[in-house]
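Structural characterization, general
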Amino acid sequence: MNHQQLRKEDFGNDFVWGIAMSAFQNEGAWNEGNKSESIWDRFSHKKNRILDKTNADVTTDFYHRYREDIRLTKELGFEVFRFSFAWSRILPNGIGTVNHEGIDFYHKVIDTCLEFGLEPWPTIYHWDLPQILEDMGGWTNRHIVDWFVEYCEVLTEEFGSKVKHWMVLNEPAGFTGLGYMTGYHAPGRMGMSNFLPAVHHTALCQAEGARVIRRNVSDAVIGTTFSCSHIEPHTHRFADIKAAQKVDALLNRLFLEPALGLGYPIEDLPFLKTMMKKHVFEGDMERLAFDFDFIGIQNYFKLVMKGAWWMPYINAMEVKPHKRGVHHTTDLGWEVSPDGMYEIIKKFASYPQIKQLIITENGAAFKDTLRHGEVHDPERTAFYQTYLQSILKAKQEGINLGGYLAWTLTDNFEWREGYQPKFGLVYVDFETQERIVKSSGKWFKEFLTAEKKHKQADILVSEKVIC
C-alpha cells in the first residue's frame, strides 16, 4: 500500500476522525471573564522561560474566535473536536466558587460543536493548573486529589448531559517530568523530591477523576491520554538494552500500568521505592486502577537510547537522530518514524486490560512559509499519510483502534518553544488572526470527504438516469 491509495473507508465506518487542541495554547483571554492566573500564565510571564520570549496572553484568540475554528474543523471533514477545560476559568480559586462566565464559555463551545455536527471530546486537565493551587504545593500536595475531584464534579454535573466522551488527563508523564523534575515546563520545579509526590498524586487523580465521570455521566465513554514513544536500544550492548528498558518504564509505563491495576514499574525504576515509602498510603494502590473505556495514544517520534552510567536514576541518554545519520526530522528535531507509531500501538495493544486505543494526538512541526496567500506544506502532508498507513496496518492486524485526532487545527503557542514550531493544519497570522488552510489541511478535507463526494455523484447520476 502506498499513501496515494490511502482511503478513509479502509479504516471502517466506526473509526472517528478529529482534531485536538488545548485551552492554554489557544484560548488567550488569559485574564478575561474572571479567569485567574494559571501556572503557565505565571511561567510564560517570567524572563527567559519561553524560547522566543513570547506568551499565550492572546495566542489564537480561541476565546473570542471559537465559532470560526469549530466551523473550520467541520469544513475540513472532521467529526470530533477535542478541547480542554481551563481549571482556572472554571474555578478561579482552584476550589469553591464556580465562575459562571467560564461555565457559559464552555457551554457555547460545546453547543457550537453540536450545532455543526461535531462531537465534543473534552480533556479535564491539559497542564494549566491554577497558580493559587500551585502556591499550596500543586501536584506535590496530596490534597490535590480532593481539589481535582471537586473540579471533576463541577464539570460533569454542568456538562454531562451534553458530553459523553471524556479524557481525564493529558500526558501525565509530560507535565510531571517536565514541570516537577527538570523544571523545563511550568511550574518550573526540579528534583526527585518534587517529582515523586507529583507522580503518585497525579496517578490517583487519573483514577479518581474517572470515577467521578462514571458516577455522574450516564453512558459516558471515559479515557485518559499518554505521551508515548517506541524506545530502541542503540546497540545490542547490555547497557543500551537496560537504558531502553528504563526509559520505556519512565515514559510509557509509569502512569499506564497503575491505571491498569499493574502497579508502578518499580523493577525497572528502583527510585520509585522512595515514593512507595513516603507517599503511597494504605489503600492507594487499589485506588490507582480504573477500567477505562479507551486509552489515548499521543505519539510523535521514536527514541533511541544508550547506556550512560553518569545519568542519575535512569543511566540512559538519547542518541539524537543526526548522530545516527537520520535526516528525516521535524522542525523540533524529532525523528519522523511511522514504524515507531506502529510499534507503540502494538506495545499498548499487548495489555489485555485495554479495551480500545484511540490516537488522541499525532502531528508534526515544519517550517511553513506564506506565499501568495497560501501555505504549501508537503512534508506535513507526507507525515500524516505515512503515519496513517502505520495505524491502518495495526488496525488491519486486528487491533481495536477507534479513531485518530490530528494535532492540531491551528498554529498556536507550543509551550516552552513559543510560536516558532508550527503544528497546525491551518496557518495563523498572529497579528491579524487570519486563518489560512494549509495544503495539509486541504489534503485532509479531500481524504475525509472523498467518499461523500463519490456518493453524491452517484446519486446525481442515478437521478439523471431516472429522469
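About the criteria used
- Residues numbered from 1 in each chain as written.
- Predicted model: local features only at pLDDT ≥ 70, side-chain atom pairs only at ≥ 80, totals over all residues.
- Heavy atoms only, no water.
- Patch = residues over 30% accessible without salt bridge, like charges linked within 9 Å, V, L, I, M, F, W, Y side chains within 5 Å.
- Areas by Shrake-Rupley, 256 points an atom, 1.4 Å probe, with all protein chains shown as cover.
- Salt bridge = Lys/Arg side-chain N within 4 Å of Asp/Glu carboxyl O.
- Helix = DSSP H or I, 4+ residues; strand = E, 2+ residues; numbered from the N terminus.
- Pairing = 2+ DSSP bridges.
- Axes fitted to C-alpha atoms, helices over the stretch in contact; angles between N-to-C directions.
- Contact = heavy atoms within 4.5 Å.
- Phe/Tyr/Trp six-rings, centres within 6.5 Å; stacked < 30°, edge-to-face > 60°.
- Buried < 20%, exposed > 50% of the residue type's maximum accessible area, 1.4 Å probe, protein only.
- Lys NZ or Arg CZ within 6 Å of the ring centre and 35° of its normal.

Let's talk about a nonpolar patch on the surface
Together, Trp309, Trp310 and Met311 give the surface a local cluster of nonpolar side chains, amounting to about 410 Å² of exposed area. Here Met311 is to be found in the loop between strand E8 (303-307) and strand E9 (316-318).

Looking at the pairing of strand E14 (residues 426-429)
Alignment of E14 against strand E15 (residues 434-437), held across four bridges, turns out to be antiparallel. In the sheet register, Val428 faces E15, and the bridge partner there is Arg435. The loop that links E14 with its antiparallel partner E15 comprises four residues; one of these, Gln433, has a positive phi angle of about 65°.

A look at the sheet that holds E9
If you trace the three strands from one edge of the open sheet to the other, you get E6-E8-E9, paired in mixed fashion. Unpaired on one side and paired on the other, strand E6 (231-233) and E9 mark the two borders of the sheet. Averaged over all pairs of adjacent strands, the angle between strand axes in this sheet comes to 40°, irrespective of strand direction. Where E8 lies against E9, three bridges are found, and the strand directions are antiparallel. Among the inter-strand pairings, Gly307 is bridged to a residue of E9, identified as Ala316. Where helix H10 (residues 238-253) meets the sheet, it contacts E6, E8 and E9, and its direction lies at approximately 130° from that of E8.

Digging into the packing of aromatic side chains
Enumeration over the complete set of coordinates arrives at 49 aromatic pairs. Seen from their ring centres, Tyr300 and Phe423 are 6.1 Å apart, and the 85° between their planes marks the pair as edge-to-face. Separated by 123 residues along the polypeptide, Tyr300 in the loop between strand E7 (294-298) and E8 and Phe423 in the loop between strand E13 (401-407) and E14 bring together distant segments of the chain. Across the pair, Phe423 and Tyr300 agree in class, each one buried. Ring centres 5.1 Å apart and planes at 70° place the aromatic pair Trp443 and Phe444 in the edge-to-face group. Comparing Trp443 with Phe444 shows no difference in burial state: the two are buried. Grouping aromatic residues by their ring pairs yields a cluster made of Phe11, Phe15, Trp17, Phe78, Phe383, Tyr384, Tyr387, Tyr404, Trp443, Phe444 and Phe447. Over the aromatic face of Phe105 sits the side chain of Arg89, whose NZ or CZ is 5.8 Å from the ring centroid.

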